Amino acid sequence: MKCKKCGSVKYCKAGKVRGMQRYKCKICQSTFTDTSVRGRPLSQKLFALTLWKEGVTLSKIAEQFDLSTPAVWKWVHVLEKQETFQNKGS
Ligand SMILES: [Zn+2]
């Protein structure tokens, strides 16, 4: 696992959130959990999130990535939560 923000592997444990281990990066000081979205490259998921923020519907995004709408919703939901979480920390 790498830091979700800067990609560093220098991090330490920083307590638990909702039963999940939380880590704090020693380089950029951001905190993150080890819940990574699996399957597709992160860049693709971030692109999906960008599209969604721009007002593209989930079904359109799902079509573009050849995925089901619930799968895309999950990406967007998870990534948005991570973003909010990280912004709060920095
Ligand atoms: Zn970092």
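The preceding data block contains the structure.
Bear in mind the structure is a predicted one, so any value in this text is a computation, not a measurement.

Draft legend 1. The arrangement of the overall build of the chain in detail. Helix and strand content of the chain: three helices and three strands. Starting at the N terminus and ending at the C terminus, the chain contains elements arranged as β-β-β-α-α-α. Counting only residues that meet the buried cut, the chain has 27% of its 90 residues in that class. In the chain, once contacts between residues fewer than 6 apart in sequence are set aside, the share between residues at least 24 apart is 37%. When the accessible area of the chain is evaluated, it comes to approximately 6100 Å², of which 53% is carbon and sulfur surface.

Draft legend 2. Region of interest: helix α2 (residues 58–65). Taken residue by residue, α2 has Leu58, Ile61, Ala62 and Phe65 as its buried positions. Along the axis of α2, the buried residues cluster in a sector spanning 100°; they form a single face. The outward face of α2, more than 90 degrees from its buried face, is lined by the exposed residues Lys60, Glu63 and Gln64. Just past α2, the residue Asp66 takes up positive phi, approximately 55°.

Draft legend 3. View of the nonpolar core. Membership of the largest hydrophobic core is limited to eleven residues, which are Ala48, Leu49, Leu51, Leu58, Ile61, Ala62, Phe65, Val72, Trp75, Val76 and Leu79. Taken together, the elements giving at least two residues each to this core come down to α1 (42–53), α2 and α3 (69–89). Among residues more than four places away in sequence, those in contact with Val76 are Ala48, Leu49, Trp52 and Leu58.

Draft legend 4. Seen up close, the coordination of the zinc ion. Note on the zinc ion: its protein donors are Cys3 (SG), Cys6 (SG), Cys25 (SG) and Cys28 (SG). The metal-donor distances range over 2.3 Å. Each of the four donor atoms around the zinc ion contributes to a set of angles spanning 105 to 115°, which defines the coordination as tetrahedral. Read in sequence order, the donor residues for the zinc ion give the motif C-x2-C-x18-C-x2-C. On the criterion of sequence distance, the pair formed by Cys6 in the segment before β1 (11–17) and Cys25 in strand β2 (residues 20–25) is long-range, its members being 19 residues apart. According to the relative accessible area criterion, Cys6 is partly exposed, its value standing at 41%. Relative accessible area serves as the criterion here: at 1%, Cys25 is assigned to the buried category.

Definitions and limits used
- Residues numbered from 1 in each chain as written.
- Predicted model: local features only at pLDDT ≥ 70, side-chain atom pairs only at ≥ 80, totals over all residues.
- Heavy atoms only, no water.
- Helix = DSSP H or I, 4+ residues; strand = E, 2+ residues; numbered from the N terminus.
- Buried < 20%, exposed > 50% of the residue type's maximum accessible area, 1.4 Å probe, protein only.
- Contact = heavy atoms within 4.5 Å.
- Areas by Shrake-Rupley, 256 points an atom, 1.4 Å probe, with all protein chains shown as cover.
- Arc of directions from axis to C-beta.
- Core = buried A, V, L, I, M, F, W, Y, C linked by side-chain atoms within 4.5 Å.
- Donors = N, O, S within 2.8 Å, 3.2 Å for Na, K, Ca; no water.
- Tetrahedral: all angles 85-135°; square planar, octahedral: opposite > 155°, others 65-115°.

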